[in-house]
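Notes for the structure review
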Amino acid sequence: RIVVKLGSAVVTRGDECGLALGRLASIVEQVAMLQNQGREMMIVTSGAVAFGKQRLRHEILLSQSVRQALHSGHSQLNDMSLPVLEARACAAAGQSGLMALYEAMFTQYSTCTAQVLVTNLDFHDDQKRQNLNSTLRELLHMNIVPIINTNDAVVPPPEPNSDLQGVNVISIKDNDSLAARLAVEMKADLLIALSDVEGLYNSPPGTDDAKLIDIFYPGDQQSITYGTKSRVGIGGMEAKVKAALWALHGGTSVVIANGTNPKVTGHVITDIVEGKKVGTFFSEFKPAGPSVEEQTEMARRSGRALASLHPDQRSEIICHLADLLTERKEEILAANKMDMDLAVSAAMLKRLSLSPAKLNSLAVGLRQIATAAQDSVGRVLRRTRVAHNLELEQITVPIGLLLVIFEARPDCLPQVSTLAIASGNALLLKGGKEAANTNHVLHQLTQEALSMHGVKEAVQMVSTREEVEDLCRLDKMIDLIVPRGSSQLVRDIQRAAKGIPVLGHSEGICHVYVDSEASIDKVIKIVRDSKCDYPAACNAMETLLIHRDILRTPMFDQIIDMLRTERVKIHAGPRFASYLTFSPSEAKSMRTEYGELECCMEVVDSMQEAVEHIHKYGSFHTDVIITENEDTAEKFLQQLDSACVFWNASSRFADGYRFGLGAEVGISTARIHARGPVGLEGLLTTKWVLRGDGHTVADFSEHGTMKYLHENLPAGQPLNTN
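So, here is what we can say about the structure in this document.

The rules behind each value
- Residues numbered from 1 in each chain as written.
- Predicted model: local features only at pLDDT ≥ 70, side-chain atom pairs only at ≥ 80, totals over all residues.
- Heavy atoms only, no water.
- Helix = DSSP H or I, 4+ residues; strand = E, 2+ residues; numbered from the N terminus.
- Buried < 20%, exposed > 50% of the residue type's maximum accessible area, 1.4 Å probe, protein only.
- Contact = heavy atoms within 4.5 Å.
- Areas by Shrake-Rupley, 256 points an atom, 1.4 Å probe, with all protein chains shown as cover.
- Pairing = 2+ DSSP bridges.
- Axes fitted to C-alpha atoms, helices over the stretch in contact; angles between N-to-C directions.
- Salt bridge = Lys/Arg side-chain N within 4 Å of Asp/Glu carboxyl O.
- Patch = residues over 30% accessible without salt bridge, like charges linked within 9 Å, V, L, I, M, F, W, Y side chains within 5 Å.
- Core = buried A, V, L, I, M, F, W, Y, C linked by side-chain atoms within 4.5 Å.
- Arc of directions from axis to C-beta.
- Parallel < 35°, antiparallel > 145°, perpendicular 65-115°, else oblique.
- Left-handed = near helix turned anticlockwise from the far one by under 90°.
- Polar contact = N/O pair within 3.5 Å; in protein donor to acceptor, adjacent residues only side chain to side chain.
- Right-handed = clockwise from strand over helix to strand, strands pointing away.
- Phe/Tyr/Trp six-rings, centres within 6.5 Å; stacked < 30°, edge-to-face > 60°.
- Lys NZ or Arg CZ within 6 Å of the ring centre and 35° of its normal.
- Lys, Arg positive; Asp, Glu negative; His and termini not counted.

What follows is about the overall build of the protein. Assigned secondary structure in the protein consists of 23 helices and 24 strands. Put simply, the protein has 722 residues, and 49% of those count as buried. Of the contacts made within the protein by residues no fewer than 6 positions apart, 74% connect residues no fewer than 24 positions apart. Working note: accessible area of the protein is about 33,900 Å², and carbon and sulfur atoms make up 51% of it.

Strand order in the open sheet made by the four strands is β13-β12-β11-β14, with parallel pairing throughout. A strand with exactly one partner marks an edge of an open sheet, and here the two such strands are β13 (459–461) and β14 (480–484). Looking at each pair of strands side by side, their axes are set apart by 20 degrees on average, direction ignored. The sheet contact formed by strand β11 (residues 401–406) and strand β12 (residues 426–430) spans five bridges and is parallel.

Here the focus is the pattern of salt bridges. When their charged atoms lie close together, side chains carrying opposite charge are able to pair. Under the defined criterion, the tally for this structure stands at 31 salt bridges. Residue K277 pairs with E293 through a salt bridge whose shortest N-O separation is 3.7 Å. One end of the pair, K277, is in the loop between α9 (268–273) and β8 (280–282); the other, E293, is in helix α10 (residues 292–307), and 16 residues separate them in sequence. With a shortest N-O distance of 2.9 Å, D479 and R300 are connected by a salt bridge. Of the two residues, D479 sits in the loop between α17 (468–471) and β14 while R300 sits in helix α10, which places them 179 residues apart along the sequence. Residue D479 is classed as partly exposed on the basis of its relative accessible area, which comes to 28%. When salt bridges that share partners are traced, they join R548, R575, D605 and E609 into one network.

The six strands are arranged β17-β18-β16-β15-β19-β20 in an open sheet whose pairing can be described as parallel. For this open sheet the edge positions go to β17 (569–572) and β20 (644–647), each flanked by a neighbour on one side alone. Strand after strand, the sheet turns through a mean of 20 degrees between neighbouring axes, direction not considered. Where helix α22 (residues 607–617) meets the sheet, its contacts fall on β15 (510–514), β16 (541–547), β18 (598–604) and β19 (622–626), and the angle it forms with β15 comes to roughly 170 degrees.

In this section: a nonpolar patch on the surface. There is a patch of nonpolar side chains on the surface, built from F653, F659 and L661 and spanning about 250 Å² of accessible area. Residue class for F653 comes out partly exposed when judged on its relative accessible area of 39%.

Our focus in this paragraph is the nonpolar core. Formed by 48 residues in total, the largest nonpolar core has its most connected members in L306, I317, I318, I332, L427 and L429. Broken down by element, the residue count for this core peaks at seven residues, all from helix α15 (residues 412–422). Setting aside residues no more than four positions away along its own chain, I332 makes contact with L324, L325, L354, L359, T438, V441, L442 and L445.

Among all positions of helix α23 (residues 630–639), only T632, A633 and F636 are buried. Buried residues in α23, looked at end-on, bunch into an arc of 100 degrees, giving them a common side. Of the exposed residues in α23, those oriented more than 90 degrees away from the buried face are D631 and Q638.

With that settled, consider the packing of helix α11 (residues 311–327) against α15. Packed helix pairs are specified by the crossing angle of their axes together with the interaxial distance, meaning the distance between the axes. With their axes 9 Å apart at the nearest point, α11 and α15 run at an angle of 165 degrees to one another. By the angle between their axes, α11 is roughly antiparallel relative to α15. In the crossing of α11 with α15, the sense of the turn from one axis to the other is right-handed. For the pair α11 and α15, the contacting residues are R314, I317, I318, L321 and L325 in the first and P414, T418, I421 and A422 in the second.

Attention now moves to the side chain of N149. Structurally, the position occupied by N149 is in strand β4 (residues 144–150). Assessed through its relative accessible area of 3%, N149 is described here as buried. Within the structure, the side chain of N149 is placed 3.5 Å from the side chain of T150, a separation counted as a polar contact.

Turning to the pairing of β12, a few remarks are in order. Across the five residues of β12, five count as buried, placing the element largely inside the fold. Here β12 shows a buried face lined by A426, L428 and K430 and a second buried face lined by L427 and L429. Taken together, β11, α15 and β12 form a β-α-β motif whose crossover is right-handed. With helix α16 (residues 436–450) bridging β12 and its parallel neighbour β13, the resulting β-α-β unit is right-handed.

Once that is clear, we can look at unusual backbone geometry. The phi torsion at S110 lies on the positive side, around 55 degrees, for a residue other than glycine. Looking at where S110 falls in the secondary structure, it is placed in the loop between α4 (87–107) and β3 (112–118). Among the residues examined, S110 registers a relative accessible area of 71% and is labelled exposed. Although it is not a glycine, F620 sits at a positive phi angle of roughly 60 degrees. By secondary structure assignment, the location of F620 is in the loop between α22 and β19. Here F620 falls in the partly exposed class, since its relative accessible area comes to 24%.

Scanning all chains against the criterion turns up four aromatic pairs. Considering the side-chain rings of F216 and F282, the 5.3 Å spacing of their centres and the 65 degrees angle between planes classify their relative orientation as edge-to-face. Placement of the pair is F216 in strand β6 (residues 215–216) and F282 in strand β8, with a sequence separation of 66 residues. One exposure class covers both F216 and F282, and it is buried. Just above the ring of F653 sits the side chain of R658; from NZ or CZ to the centre is 5.2 Å. The ring of F620 has R671 lying over it, and the distance from NZ or CZ to the ring centre is 4.9 Å.

For strand β1 (residues 2–6), a buried count of five out of five residues is recorded, marking the element as mostly surrounded by other parts of the structure. In this structure, β1 lies alongside strand β5 (residues 190–195), joined through five bridges in parallel fashion. The residue of β5 that forms the bridge with V3 is L191. Relative to strand β2 (residues 41–45), β1 is paired through five bridges, and the arrangement is parallel. Across the sheet, the residue bridging to K5 is V44, located in β2.

On to the environment of A243. Tracing the backbone through its elements, the reader meets A243 in helix α8 (residues 237–249). Using a relative accessible area of 4% as the deciding quantity, one classes A243 as buried.

We now examine the side chain of R484. For R484, the position within the fold is in strand β14. Notably, R484 is buried but unbridged: the nearest opposite-charge side chain belongs to E664, and the N-O separation is 4.5 Å. In this structure the side chain of R484 is engaged in a polar contact, spanning 2.8 Å, whose partner is the backbone oxygen of E664.

Moving on: the environment of V462. Relative to the helices and strands, V462 is located in the loop between β13 and α17. Here the alpha-carbon distance between V462 and L429, two residues 33 residues apart in the chain, equals 6.0 Å. Leaving out residues up to four positions away in the same chain, V462 has contacts with V292, Q295, L428, L429, K430 and L471.

Set out below in C-alpha cells:
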C-alpha cells in the first residue's frame, strides 16, 4: 500500500497558474502501472488552487474585455489589472477541473479514480475518521485509486502551535501532514513525497557544502539546517521532515524525492518502489558501519596522505602486503574454500580458486610493482626554462580516487590495491558476492599493510548492497571507474557512469588471421593457445580468419582437427559457409564474444581484407597475424587500429603480467589516456609546476604569443614528494 504525495511545486507550472500537464501525465502512468501490478495506490495531491487561479483569471480577463468593448466610444477603462485572487475561491473553482483531469488521464490505463476531500476535523472526530478509513478501504478493495486533497474551499488557516503535538496527534495544516496522517491511518507501507528538490540536504541546496542525505535517521535531525520553503505551497522542507518522521514513527517508510526533474520524473516513483537509491529514505535503524559516501570521503582523505609518502614508504607497504599473502595463506585459503563451497558452476569454481602456488605468484608480482613504484609518482617528464628565473616542470601525479568493480576473481583485489598504492591513488573496491569471504580477508590484509605508515583508510571495500548505478552517482568524489568482469557489467557501468571516465572495454572480440604464408607448426600452437588456454578471458580468440588459399589444404585440415580435438564448436561465417557442402552452423553475428570453447571461422582473400574485416567487426582489443612474410606482418601491425597487435604470438599475451607490468587493473580499448593492458603508468596523470622569483610577469605580444625564452632542460629525477 503506497501513498504518493504530489507537492504544489510538482503539480503546478512555473508561473503558478495552471498545471504541469506533461509531468502529471508521467506520474499518473507510473501510479497506474503499479496499481495494475497489484499495489494499492493512493494520491494526495495539490493543484486545485493553481487550476482554479487559471480558470478565474481567464474569466476575469474575459469579463474585462467584454466591458471594454461595451465602453468603446466612451471613456476607456483605465484599470485592466487583475485583482488578488483569494485562495479558497481558487480552490472551489479548481477542484472539479483537477479531478476531471485526473480521471481522464487514469482512464487511459483502464484505472478508476475517486475524489476524497478532507479537513483537519475529519481526523479529530472519531466517527468521521472511521468513516474516512472505511471509505478508503472500500475504494482500494475495488481497485480504485483514491485522490485525496484538503478541502481548501472551507479549511481554516492553520493555528501557529498546532503542528505535530506528540505521537497520536498531527495537525492537517498542509498536504505533507495530510499525507503523513493518511499513511499512518491506512497503515501504508510506503509514503513517497514528491517535491522540487532531490531530497533532504544537510544544509540549504545551492550552498557550498550542501550534501544530499541518502538515508536519514531520527537522531540526525539536529545536524540539518533548513532553508526557505518552495516557490509554491505552504509547507517547506522542515514541514516535510517533521511529517516524514511522524509517519515513520507510525510504521510507514518514507522517501522524499524530486518530482520535477524531467530526466527522472518518468520513472522516479517506480525506481523508489524497486528499491533504487532515489531521494532521501527515512529509516529508524542505522547500520553499524560507515555509509558508502563516508567510505569514499575516508578513502580520498587518506589517499592524499598516501600520495605524499616517500616512494620507499609506498614500496614498504607493498612488500609487507606480499609477505602477508604468503604468511597468512592458511587464513586466505580457508575463506576461499567457504566461497568455493557455494559456487554454482565449474566456471565459477575456476574463477574463484586460489592455491598456495597462486598466492606465491601474486606475491612475486607485487614485489615487482614495489620496485617499479620507486620512480612513478613525482617523476619529472619535462623541464623548461620559459624565462629568466622562471622554470616550468611537468610531473607525474596520482589520478585521485579510483572505483574498481570486479566480479568473482579474488586475486584481483591485491593486484589492484597494489597498483593503487604504488601510484598513490585512493581506492574504492566493489567485489562480487561470490567471493565475499576471500575478499574480506584480503582487504583486511591490505589495510594491515597500509597501517604501517598510517594510511589504512586509503583502500576501502564497499560491503553494503550498493547497486553499481548508485556508486556511479558519486561523480564529485570518484575520478575514474575501472570495471573488471563480463562485457555486460562493463556496458552497464559505461551507461551509468555519467560524468566519470570509465577505463576498460565492453567486449573482447579478438581475431587471429592465418596468412597464406604461415607456418603450420606456429598456426596450431598459436590458435590452440589463443582459444583453448582460457576461453572465458577477454583476450581469447573469438574469430579465426583464414586466407582463401589455405582452404582444402593439409594445413586447413590440421587446424580443423586440432579444434575438434579440443572440443571447440565452430560457427561458419557467411563466406566460409558458401565454400562448404556441409558447413558448421552459421554464425548469428560476426560480433560475438563467445567466452566458451566456441569460435567463428571466416575466409578472406588477403591481409588487407582481414584488416578491413577486423575494423568492421572487432572490438579493438587484441588481434593477431600468423605469417612468415615480414612485409605482410609489418603492414598488418601498422594498419590495424587495435590496442594490442601481435605477429606470430598468441592473443593471450595481452596481459599486464606477461607484459612485465607486474599486474594490471584492466585492458583499455579507449583512445584517450591508457590503452591496452593498464598497469602502474596508466594510473598516473600529470600536473604543471611553475617556479618563479616573483619578478617575471606574463608578457604577450600583439599577436597573442608569449615573449619567452623556451629553453628545454634535462628532465630530472622523481621529486621528493615530502
